[in-house]
Amino acid sequence: MTIALSDATPGDLPAITALYAREVEGGTATFETTPPSPAEMAQRFEAVRRHGLPWLVAGIDNRFAGYAYTSPFRPRPAYRYGVEVSIYVEDHARRRGVGRALLRALIDRTRDAGLRHMIAAISDSDTSDASIALHRALGFRDAGAWRQVGWKFGRWLDVTLMQLDLDPEGAPPARPGLNLGGGPA
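First, a word on what this report is: a plain description of the structure on this page. Along each chain, numbering runs from 1 in the same order as the chain's sequence is written. Predicted model: local features are reported for residues with pLDDT of at least 70 only, side-chain atom pairs are reported and counted for 80 or more only, and whole-chain, interface and lining totals are derived from all residues. Excluded from the side-chain calculation are hydrogens and water; included are all heavy atoms of the structure.

## Quick look at the layout of surface pockets
Part 1 of the argument: Empty space within the second largest pocket amounts to approximately 200 Å³.
Part 2 of the argument: Lining of the second largest pocket is provided by Tyr 81, Arg 111, Gly 114, Leu 115, Arg 116, Leu 166, Asp 167, Ala 171, Pro 172, Pro 173, Ala 174 and Arg 175.
Part 3 of the argument: Following the grouping adopted for this structure description, the nonpolar residues are Ala, Val, Leu, Ile, Met, Phe, Trp, Tyr, Cys and Pro, the charged ones are Asp, Glu, Lys and Arg, and the polar ones are all others, Gly among them. Grouping the constituent residues of the lining of the second largest pocket by class yields 7 nonpolar, 1 polar and 4 charged. In this analysis the probe radius is 1.4 Å and the grid spacing 1 Å, with only protein atoms considered; a cavity is a set of points the probe fits into but cannot get out of, a pocket is an open set with protein on both sides within 12 Å along at least five of seven lines, and lining residues have an atom within 4 Å of a point. Grid points are joined across faces, edges and corners, and a volume is the space filled by probe spheres set on the points.

As structure tokens, this is what we get:
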């Protein structure tokens, strides 16, 4: 088995959109309840790329296995050194190292970009043990939880918050961070 990672391209969007739609309709990794259209997914993809942030795809033996990306953590300028992580893995590729490979690559790219924090908001704490364990194994620490903040499939869902500090010493930023525009911080 070979896991291959690459930068996502517009040609990957049909597979990305289909995987995300399945998670929207049958899973709790997202709180969306209606799958976004291909055009909406293309807009989200382009928004990530405009910020110069990574959107990666993974394959196992030339078969689409998942995707991951980072996006600005919050829109206000004071948050410009933090990103939020999103990872989605196909059922056939789970527990085969795909999520780990994607998350490691995102960590490396985020660090190389001079950013400071990576935030993971992991939905449905009751069934997300593997995701929480993966993030912990790669250095994320628990940062809190939002209890019963999402209602999906007839039940309340929690969100576990995790954070990776890429510069734990807290040195001043060496680069300008993400361009998030003006406005109040």
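## Description of the sheet that holds strand E4 (residues 82-89)
Part 1 of the argument: Only strands joined by at least two bridges in the DSSP assignment are considered to pair. In this text, helices come from DSSP runs of H or I with a minimum length of four residues, and strands from runs of E with a minimum of two, each type numbered from the N-terminal end. Ordered in space as E1-E2-E3-E4-E5-E7-E6, the 7 strands form an open sheet in which the pairing is mixed. The two strands at the open ends of the sheet, each matched to only one other strand, are strand E1 (3-7) and strand E6 (141-152). Strand-to-strand, the axes of this sheet are offset by a mean angle of 25°, without reference to chain direction.
Part 2 of the argument: The pairing of strand E2 (residues 55-60) with strand E3 (residues 63-72) spans 6 bridges and is classified as antiparallel. Of the residues in E3, the one forming a bridge with Gly 59 is Phe 64.
Part 3 of the argument: Only heavy atoms matter for contacts: two residues are in contact if any of them lie within 4.5 Å across the pair. Orientation is described by lines fitted to C-alpha atoms, with helices fitted over the stretch in contact, and by angles between N-to-C directions that extend from 0 to 180 degrees. This element, helix H2 (residues 38-50), spans E2 and E3 of the sheet and lies at about 60° to E3.

## Let's talk about the pairing of E3
For a regular strand, side chains alternate in direction, first toward one face of the sheet and then toward the other.
Part 1 of the argument: With respect to burial, E3 is a largely interior element, 7 of its 10 residues being buried.
Part 2 of the argument: Counting the residues that bridge the hairpin from E2 to E3 gives 2 residues, and of these Asp 61 lies at a positive phi of roughly 50°.
Part 3 of the argument: Pairing of E3 with E4, which is carried by 7 bridges, proceeds in the antiparallel orientation. By the bridge assignment for E4, Ser 71 is matched with Glu 84. Exposure is judged per residue with a 1.4 Å probe applied to protein chains only, and the accessible area is read against the type maximum: over 50% gives exposed, under 20% gives buried, and values in between give partly exposed.

## What to know about helix H3 (residues 98-112)
Part 1 of the argument: Expected helix span is given by 1.5 Å per residue-to-residue step, counting one fewer step than there are residues. Counted at 1.5 Å a residue, the expected span for H3 with its 15 residues is 21 Å, and the 21 Å between its end C-alpha atoms agrees.
Part 2 of the argument: Looking only at H3, the buried set comprises Val 98, Gly 99, Leu 102, Leu 103, Ala 105, Leu 106, Ile 107 and Thr 110.

## Comments concerning the packing of aromatic side chains
Part 1 of the argument: Between the rings of Phe, Tyr and Trp (Trp by its six-membered ring), a pair exists once the centres lie within 6.5 Å; its type follows the angle of the planes, with under 30 degrees stacked, over 60 edge-to-face, and the other angles tilted. Counted by the stated rule, this structure contains 8 aromatic pairs.
Part 2 of the argument: Aromatic side chains Trp 55 and Tyr 67 sit 5.8 Å apart centroid to centroid with 15° between the ring planes, which places their arrangement in the stacked category. Of this pair, Trp 55 sits in strand E2 while Tyr 67 sits in strand E3, and the two are 12 residues apart along the sequence.
Part 3 of the argument: Under the relative-accessibility criterion, Trp 55 is labelled buried at 4%.

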